Amino acid sequence: MIRKNFIKCLKGLRRIDEKILDLLYPPRCPICDKVTLPEDRICPECRKKIHIVSEPVCMRCGKPLSNQRKEYCFDCESRSYNFTQGKALWVYGKLEKASIYRFKYQNKREYAKIYASELTQRYGTWIRNRKIQAIIPIPLHKSRKKKRGYNQAEILAKEMGKILGIPVYANLLVRVRDTKPQKTLDEAERKNNLKRAFKMSENIVQLFNSENNLQMQSIAVYGLKLYFTATLFTGMNIVFCIFFTSTENVIPAHVLSLLKGLILIIPMAYLLSALWGITGVWLCYAVTECTVTILAIAFYIKKCTQI
Ligand SMILES: [Zn+2]
Ligand SMILES: [Zn+2]
């Protein structure tokens, strides 16, 4: 009861706090930058002027399409991208461009709240349906963050996380190279510009270590490196399984799946942990996948020699 009242009291205080902040720094419309009512977010005049992205849109990048029969825009039909799907809220017109510019370069951090509110209103259900477990904003290089004072992607992600109840991990990804601004480059230069620009920080283990146990942290940092050596073999095994299934060689496909998921991994865990302790446990997934890859290659060679 006391705890409940205390939480209620804290929430009340936070609301008062927000009201005082609204009085001191009244919310501004991100389009015209004039003071607006908190409930309006974007003032009614500007709302009429902005161009909301509406269907039909490109299934890959989210850009509006002029031809209703098309699924992808010209860019996405002719190029490959390293993302699955993008969503856009506004068409990047003159007003929208000026708003984003102020948000990025003129310290208009307060726009993040309004952008987040608009984005979640439009795409909240879409995001929730995907059962997203974490939001990871694209980081700035530390020198650029120091110069600008903030990372606009991070504050937007935090506002969205607050509304959607999804944790935001701003330290998981680190920009290790101070890349040139993407807007100053052409398509080919943009791709090269981002090569080896990011690295996953050791904070990835925070996902599994909510109590911030330092011992667990150091074990996991070491162990995850061993664990993820399996990814090369996992990828090859998936390709082999698809190959055998699609060429109607059901038995090898089943054998490989069963070995991977059940038959091999459990005895391997016992055996390797007995041999090498915790290192063996971390390695058992990689060794299992590697063994299955060797077997898959043998099946493949056998099939080829039969043809
Ligand atoms: Zn306005
Ligand atoms: Zn597209």
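This write-up is about the structure you can find in this document.

About the cut-offs
Residues numbered from 1 in each chain as written. Chains lettered and ligands numbered in written order. Predicted model: local features only at pLDDT ≥ 70, side-chain atom pairs only at ≥ 80, totals over all residues. Helix = DSSP H or I, 4+ residues; strand = E, 2+ residues; numbered from the N terminus. Buried ≥ 20, exposed ≤ 12 C-beta atoms within 10 Å, placed from the backbone. Contact = placed C-beta atoms within 7 Å. Expected span 1.5 Å × (residues − 1). Core = buried A, V, L, I, M, F, W, Y, C linked by C-beta atoms within 7 Å. Arc of directions from axis to C-beta. Axes fitted to C-alpha atoms, helices over the stretch in contact; angles between N-to-C directions. Parallel < 35°, antiparallel > 145°, perpendicular 65-115°, else oblique. Left-handed = near helix turned anticlockwise from the far one by under 90°. Nonpolar A, V, L, I, M, F, W, Y, C, P; charged D, E, K, R; others polar.

## Some points on the overall build of the protein
Move 1: Of the regular secondary structure elements, the protein holds 13 helices and two strands.
Move 2: A buried classification covers 16% of the 307 residues belonging to the protein.
Move 3: Across the protein, the fraction of contacts at a sequence separation of at least 24, relative to all contacts at a separation of at least 6, is 56%.

## Here we look at helix H13 (residues 278-306)
Move 1: Over its 29 residues, H13 extends 43 Å from the first C-alpha to the last, a length consistent with the 42 Å expected when each residue adds 1.5 Å.
Move 2: By the burial criterion, the buried members of H13 are Trp282, Leu283, Cys284, Tyr285, Ala286, Thr288, Glu289, Val292, Thr293 and Ala296.

## Concerning the nonpolar core
Move 1: Tyr111, Ala112, Tyr115, Ala116 and Leu156 are the most contacted members of the largest nonpolar core, which has 14 residues in total.
Move 2: Elements with a minimum of two residues in this core: helix H5 (111-129) and helix H7 (152-164).
Move 3: If you tally residues by element for this core, the top one is H5, at five residues.
Move 4: Setting aside anything within four residues of it in sequence, one finds Tyr111 in contact with Pro30, Ser99 and Phe103.
Move 5: Among the nonpolar cores identified, the runner-up in size contains nine residues, and Met268, Leu272, Trp282 and Cys284 belong to it.

## Some remarks on the environment of Leu226
Move 1: Within the element layout of this structure, Leu226 appears in helix H9 (residues 214-227).
Move 2: Taking the C-alpha atoms as reference, Leu226 lies 9.4 Å from Cys284; in sequence the two are 58 residues apart.
Move 3: Contact partners of Leu226, with chain neighbours within four places excluded, come to Thr279, Trp282, Leu283 and Ala286.

## Thoughts on unusual backbone geometry
Move 1: Of note, the bond from Glu55 into Pro56 is cis; its omega dihedral lies within 30 degrees of zero at 0°.
Move 2: For Pro56, the position within the fold is in the loop between helix H2 (44-49) and helix H3 (74-78).
Move 3: Notably, Asp33 is not glycine yet its phi reads approximately 65°, a positive angle.
Move 4: For Asp33, the position within the fold is in the loop between helix H1 (2-24) and H2.
Move 5: Even without being glycine, Glu248 reaches a positive phi, approximately 60°.
Move 6: With respect to the element layout, Glu248 can be found in the loop between helix H10 (230-246) and helix H11 (250-263).
Move 7: Classification of Glu248 by C-beta neighbours within 10 Å gives exposed; the count is 7.

## Observations regarding H10
Move 1: The end-to-end C-alpha separation of H10 is 24 Å, in line with the 24 Å expected for 17 residues at 1.5 Å each.
Move 2: Burial in H10 covers these residues: Ala230, Phe233, Asn237, Phe240 and Phe244. Relative to the axis of H10, the buried residues are bounded by an arc of 90° and lie together on one face. For H10, the exposed residues lying more than 90 degrees away from the buried face are Thr231, Gly235, Ile238, Val239, Ile242 and Ser246.
Move 3: Among the residues trailing H10, Glu248 stands out with phi positive, at a value near 60°.

## As for the packing of H5 against H7
Move 1: Orientation of H5 relative to H7, taken along the N-to-C sense of each, is 55°, at an axis distance of 9 Å. With respect to each other, H5 and H7 are oriented oblique. Seen along the crossing, H5 lies across H7 with a hand that is right-handed. Along the contact surface, H5 presents Ala112, Lys113, Tyr115, Ala116, Ser117, Leu119, Thr120, Gly124, Ile127 and Arg128, while H7 presents Ile155, Leu156, Glu159, Met160, Ile163 and Leu164.
Move 2: When its residues are assigned to classes, the contact of H5 with H7 shows 10 nonpolar, three polar and three charged.

## With respect to the environment of Ile114
Move 1: Examined against the element boundaries, Ile114 turns out to sit in helix H5.
Move 2: Of the residues examined, Ile114 has 22 C-beta atoms within 10 Å and is grouped as buried.
Move 3: When neighbours within four sequence positions are excluded, Ile114 is seen to be in contact with Pro30, Arg41 and Ile42.

## Description of the packing of helix H12 (residues 265-276) against H13
Move 1: It is the contact of H12 with H13, at a shortest axis distance of 8 Å, that shows an interaxial angle of 140°. Classified by the angle between their axes, H12 and H13 sit oblique to one another. With respect to the hand of their crossing, H12 and H13 are arranged in right-handed fashion. Residues Ile265, Met268, Ala269, Leu272, Ser273, Leu275 and Trp276 of H12 lie in contact with H13, whose contacting residues are Thr279, Gly280, Val281, Leu283, Cys284, Tyr285, Val287 and Thr288.
Move 2: Class assignment for the residues of the contact of H12 with H13 results in 11 nonpolar, four polar and no charged.

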